[in-house]
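Close look at the chain arrangement
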Amino acid sequence: MRKILSFITTTLLLAACTQDKTFVLRGSGLDLPDGTVVGLSSHEMGFEQLGETVVKDGAFELHADITTPVYALLTTNNLNLVEQNGWPVDSIRWNYIDCYVSACAMQLNADLTITGGQPQSDFADYESNYKELPRGGWRFILDHPSSVVSADLALAMLQRGYNLSAAQLDTLEQTIAIEPADTARAEAFAGSTSLYRRTVKGGQLLDMEMQDTDGKVTMLSEVVPAGKYVFIDFWASWCGICLYSMPEVKRLTEQYADRLAVIGISCDKDSTAWRAAMEKYDMPWPHYLLTEKGYQTLSGDYQVGGGVPYYLLLAPDGTVLGSPDHVQDIKGQFELLEQ
């Protein structure tokens with residue numbers, strides 16, 4: 001009987017998604033006090049507010065103008081109630097719920113799960129059954145080629161150069177099937193795949209402009225030594241993880257001094273902060289600072305921007321072996337290559 005009721009509920013929600021032209025999210029029977037603020041913002045547009053309402057009699061109805069699916073964040077908070085009633089700070093309550101909203105009727109349930117619409121159903125499937133699996137993103141994409149969630153997972157994979165091989169890029173292009181009506185995602189995907197062709201694993205290092213510690217402008221290609229493996233560490237003085245990892249980088253330089261060269265490239269905009277960090281932390285390897293033009297290359301062509309640390313490992317012939325996530329990954333990959 002439960003299966004039959006579940007099927008009927010799903011069918012009604014899907015029918016609502018085909019009939020309604022605008023998004024509406026309803027909640028009822030909620031364990032949220034009246035006056036609780038319910039807000040919806042977009043992950044895709046810098047958390048732009050899409051809609052807001054308040055709970056009344058344990059229910060609410062929130063409308064938003066959504067024409068294509070949006071990866072969003074639903075929040076509830078009682079800040080107004082805390083202020084109005086003079087409650088202590090520790091009585092503040094927030095809920096944060098990631099979701100995919102689309103132009104249909106959706107429901108916030110008593111357990112704060114959201115149902116309604118195929119994108120949200122796919123997202124729930126990914127979160128429950130794929131997210132924690134090895135290569136879970138790839139598995140989901142191959143199993144759900146036409147899902148909005150797959151398109152967004154693919155776009156995320158295309159955000160940092162030299163993480164994918166040419167074959168993997170081909171697989172994404174041949175697999176992802178974005179709905180024609182979703183022109184923004186289709187254009188973003190086409191643009192990202194085209195750009196990524198320049199930064200695939202096994203390809204040549206894309207050049208960029210820098211300046212050395214004397215202020216002389218040079219190109220990355222001019223300072224990469226030939227005949228050695230090269231570890232390039234993109235960092236910044238304001239990046240805590242970057243600085244925390246510097247001792248590991250130093251150990252690499254000492255352990256493999258005869259076979260591995262290290263180059264540090266800062267994306268600091270403040271050269272004084274860059275120099276102060278080099279002076280404070282022990283970094284006995286060549287250092288460079290990106291020029292404005294070089295920063296544009298990193299953020300645009302490499303699709304990295306200020307998302308440092310960003311690591312590259314180059315083969316002795318100058319080709320890029322990949323972009324490991326951590327210094328220890330660099331060490332592990334290098335040791336495998338040396339076997």
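If you're wondering where the values come from, they're calculated on a predicted model, not measured in any experiment.

1. Some details on the state of the cysteines
Throughout the structure, instances matching the rule amount to one disulfide. In this model Cys 99 remains outside any disulfide bridge; the closest cysteine sulfur is found in Cys 104, 11 Å from its own. Note on Cys 99: relative accessible area 1%, which makes it buried. Free cysteine Cys 267: the closest other cysteine sulfur is in Cys 242, separated by 7.3 Å. Residue classification places Cys 267 among the buried positions, given a relative accessible area of 4%.

2. Here's the deal with the pattern of salt bridges
Summed over the entire model, instances satisfying the criterion amount to ten salt bridges. The shortest N-O distance in the salt bridge between Glu 127 and Lys 131 comes to 3.5 Å. You can call Lys 131 partly exposed: its relative accessible area is 42%. In this structure, Asp 152 and Arg 185 form a salt bridge, with 2.8 Å as the shortest nitrogen-oxygen distance. Pair noted here: Asp 152 is in helix α5 (residues 148-157) and Arg 185 is in helix α7 (residues 183-196), with a separation of 33 residues, a long-range link.

3. Some thoughts on the sheet that holds strand β8 (residues 114-115)
Taken together, four strands build an open sheet; the order of strands is β4-β1-β7-β8 and the sheet is mixed. Strands at the two margins of the open sheet, each flanked by one partner only, are β4 (60-64) and β8. Summarising the sheet, strand β1 (residues 23-27) and β4 pair through five bridges and their orientation is antiparallel. From the neighbouring strand, Phe 23 faces β4, where its bridge partner is Ala 64.

4. Some remarks on the pairing of strand β11 (residues 229-235)
Buried residues dominate β11, accounting for seven of its seven residues. Burial along β11 is two-sided: Tyr 229, Phe 231, Asp 233 and Trp 235 facing one way and Val 230, Ile 232 and Phe 234 facing the other are all buried. Direction of pairing for β11 relative to strand β12 (residues 260-266): parallel, over a ladder of seven bridges. Directly across from Asp 233, in β12, lies its bridge partner Gly 264. Running through helix α9 (residues 240-255), the crossover from β11 to the neighbouring parallel element β12 is right-handed. Sheet topology places β11 next to strand β14 (residues 310-314); five bridges connect them, and they run antiparallel. What sits directly across from Val 230, in β14, is Leu 314.

5. Things to note about a nonpolar patch on the surface
Taken together, Leu 79, Val 89, Ile 92, Trp 94 and Tyr 96 make up a surface patch of nonpolar side chains, about 490 Å² in accessible area. Under the relative-accessibility criterion, Leu 79 is labelled partly exposed at 33%.

6. Section: the nonpolar core
Among the nonpolar cores identified, the biggest contains 48 residues, and Tyr 302 and Leu 312 are the most heavily contacted of them. It is β11 that contributes the most residues to this core, six residues altogether. Among residues more than four places away in sequence, those in contact with Tyr 302 are Gln 159, Arg 160, Gly 161, Tyr 162, Leu 205, Leu 206, Met 208, Leu 220, Thr 297, Tyr 310 and Leu 312.

7. Some points on the packing of helix α6 (residues 166-175) against α7
The description of two packed helices rests on the angle between their axes and on the distance between the axes. Packing of α6 against α7 leaves a shortest axis separation of 11 Å and a crossing angle of 160°. In terms of axis orientation, α6 runs roughly antiparallel to α7. Note that α6 runs across α7; the crossing there is left-handed. Of the residues in α7, those touching α6 at Leu 169, Leu 172 and Glu 173 are Phe 189, Thr 193 and Tyr 196.

8. Focus on the packing of aromatic side chains
Per the stated rule, a full pass over the model turns up eleven aromatic pairs. Each ring, one from Phe 234 and one from Tyr 310, has its centre 5.5 Å from the other, and the planes form 40°; the classification is tilted. Pair noted here: Phe 234 is in strand β11 and Tyr 310 is in strand β14, with a separation of 76 residues, a long-range link. Neither Phe 234 nor Tyr 310 differs from the other in exposure class; each is buried. Put simply, the rings of Tyr 162, Phe 234, Tyr 302 and Tyr 310 touch in pairs and so form one group of aromatic residues.

Reading guide: rules and limits
Residues numbered from 1 in each chain as written. Predicted model: local features only at pLDDT ≥ 70, side-chain atom pairs only at ≥ 80, totals over all residues. Heavy atoms only, no water. Disulfide = S-S within 2.5 Å. Buried < 20%, exposed > 50% of the residue type's maximum accessible area, 1.4 Å probe, protein only. Salt bridge = Lys/Arg side-chain N within 4 Å of Asp/Glu carboxyl O. Helix = DSSP H or I, 4+ residues; strand = E, 2+ residues; numbered from the N terminus. Pairing = 2+ DSSP bridges. Right-handed = clockwise from strand over helix to strand, strands pointing away. Patch = residues over 30% accessible without salt bridge, like charges linked within 9 Å, V, L, I, M, F, W, Y side chains within 5 Å. Areas by Shrake-Rupley, 256 points an atom, 1.4 Å probe, with all protein chains shown as cover. Core = buried A, V, L, I, M, F, W, Y, C linked by side-chain atoms within 4.5 Å. Contact = heavy atoms within 4.5 Å. Axes fitted to C-alpha atoms, helices over the stretch in contact; angles between N-to-C directions. Parallel < 35°, antiparallel > 145°, perpendicular 65-115°, else oblique. Left-handed = near helix turned anticlockwise from the far one by under 90°. Phe/Tyr/Trp six-rings, centres within 6.5 Å; stacked < 30°, edge-to-face > 60°.

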